[in-house]
Amino acid sequence: MTQPGQKRNYQKELDRLIEGLREEGRVPKLLLHSCCAPCSSYVLEYLSQYFDVTVYYYNPNIFPETEYEARVKEQERLIREMETERPVRFLAGSYEPEEFFSAARGHEKDPEGGERCCRCYELRLDRAARAAVSGDFDYFTTTLSISPLKNARWLNDIGCRLAGQYGIPYLVSDFKKKNGYKRSVELSALYGLYRQDYCGCVYSRAEAIERQKERASQEHPKP
């Protein structure tokens, strides 16, 4: 048991759970919330060995709507083209930007990775938990922890709390482990996936634009 203040090893916990499933010869149904095709690539390759996976795409934070549509299409294309151990299904959520702006209210100026992002995680995982319950899944989880920029502890804390609230187990995970992020980059190149240069929301987009301007000014300083 993890003691108070002790850091959890989510990958080891997942390894133990998977080993138990293999010993039982059971293939549970998993609802996998996906933030984008590139992040889902390694996760699908990995989890389809042990689970019957349905990708759930609910990301009301993405801005603008044309970006949202591009990412949805890329996610569906990856599922069609990628070779996985078991067939992967797709479930589209609704595009509800007003839900994101409501969750982010008062935290518009937070830096990326702060409280605004935590609220965004909660919104998306809450919808995933509800969808998992209504679809009679055995587990739910998210691809978000594969990113080096995402806080795996926050994601797992939120997921486990929602699991208790809705009565469906959360698959604890930190998909950046075992070179997961590196493999996602390789798979993205293999399938020619569109890799966006910002997380998704209007605020992270503004930060990305400022970073680009700063790099440009450093590379081409004014005389």
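Everything quoted here is computed from the prediction, not taken from an experiment.

Caption draft 1: Broad picture of the packing of helix α2 (residues 37-47) against helix α7 (residues 180-190). At a minimum axis distance of 8 Å, the contact between α2 and α7 shows a crossing angle of 110°. Between α2 and α7, the interaxial angle falls into the category roughly perpendicular. Contacts from Pro38, Ser41, Tyr42 and Glu45 of α2 reach α7 at Gly180, Arg183, Ser184, Leu187 and Ser188. Residues belonging to the contact of α2 with α7 are distributed by class as follows: three nonpolar, four polar and two charged.

Caption draft 2: Expanded view of the packing of α2 against helix α3 (residues 65-81). The contact between α2 and α3 brings their axes to 9 Å, and the two run at 25°. On the basis of their axis angle, the class for α2 and α3 is roughly parallel. α2 and α3 meet at a crossing whose hand is right-handed. Contacts between α2 and α3 involve Ala37, Ser40, Ser41 and Leu44 on the former and, on the latter, Glu74, Gln75, Leu78 and Ile79. In the contact of α2 with α3, the residues fall into four nonpolar, three polar and one charged.

Caption draft 3: Up close: the sheet that holds strand β4 (residues 139-142). Ordered in space as β3-β2-β1-β4, the four strands form an open sheet in which the pairing is parallel. What marks the edges here is a single partner per strand, and that holds for β3 (89-92) and β4. For this sheet, the mean angle separating the axes of adjacent strands, direction not counted, is 25°. Where strand β1 (residues 29-33) and strand β2 (residues 52-57) come together, five bridges link them in parallel fashion. Residue lysine 29 lies in a different strand from β2, and its bridge partner there is aspartate 52.

Caption draft 4: Representation of the UniProt feature "binding site: [4Fe-4S] cluster" (unreviewed entry) in the protein chain in the model. Those residues carrying the UniProt feature "binding site: [4Fe-4S] cluster" (unreviewed entry) are Cys35, Cys36, Cys117 and Cys120 in this numbering. Mapping cysteine 117 onto the fold places it in helix α5 (residues 115-134). A residue is classified by how much of its surface remains accessible, and cysteine 117, at 13% relative accessible area, is buried. Along the polypeptide, cysteine 120 turns up in helix α5. What cysteine 120 contacts, discounting residues up to four positions off in sequence, is Asn61 and Phe100.

Caption draft 5: Highlighting the packing of aromatic side chains. On inspection of all chains with the given rule, the structure shows twelve aromatic pairs. Members of the aromatic cluster, connected to one another through ring pairs, are Tyr42, Tyr46, Tyr50 and Phe175. Over the face of the ring belonging to phenylalanine 137 we find lysine 29, whose NZ or CZ atom lies 4.9 Å from the ring centre.

Reading the values: rules and limits
- Numbering of residues begins from 1 in every chain and follows the order in which that chain's sequence is written.
- The predicted origin of the model limits local features to residues at a pLDDT of at least 70 and limits the giving and counting of side-chain atom pairs to 80 or more, whereas totals for whole chains, interfaces and linings rest on all residues.
- Working from all heavy atoms in the structure, the side-chain values ignore hydrogens and water.
- With axes taken as lines fitted to C-alpha atoms, and helix axes fitted only over the stretch in contact, angles between N-to-C directions fall between 0 and 180 degrees.
- The helix and strand labels rest on DSSP assignments: H or I over at least four residues marks a helix, E over at least two residues marks a strand, and numbering proceeds from the N terminus.
- Roughly parallel covers angles under 35 degrees, roughly antiparallel covers those over 145, roughly perpendicular covers 65 to 115, and oblique covers all other angles.
- The criterion used for residue contact is that any of the two residues' heavy atoms lie within 4.5 Å.
- All residues other than Ala, Val, Leu, Ile, Met, Phe, Trp, Tyr, Cys, Pro, Asp, Glu, Lys and Arg, Gly among them, are scored as polar; the first ten of these are nonpolar and the last four charged.
- In a left-handed crossing the near helix is turned counterclockwise from the far helix by less than a right angle, and in a right-handed crossing that turn is clockwise.
- Paired strands, as defined in this entry, are two strands with at least two bridges between them according to DSSP.
- UniProt positions are given in the numbering used here, feature names are shortened, and annotations may be inferred rather than shown by experiment.
- The buried label goes to any residue with under 20% of its type's maximum accessible area, the exposed label to any with over 50%, and the partly exposed label to all in between, with areas taken from a 1.4 Å probe on protein chains only.
- The aromatic pairing rule takes the rings of Phe, Tyr and Trp, using the six-membered ring of Trp, and pairs them if the centres are within 6.5 Å, calling planes under 30 degrees apart stacked, those over 60 edge-to-face and the rest tilted.
- A ring is considered to have a charge above it if a Lys NZ or an Arg CZ atom is located within 6 Å of its centre and within 35 degrees of its normal.

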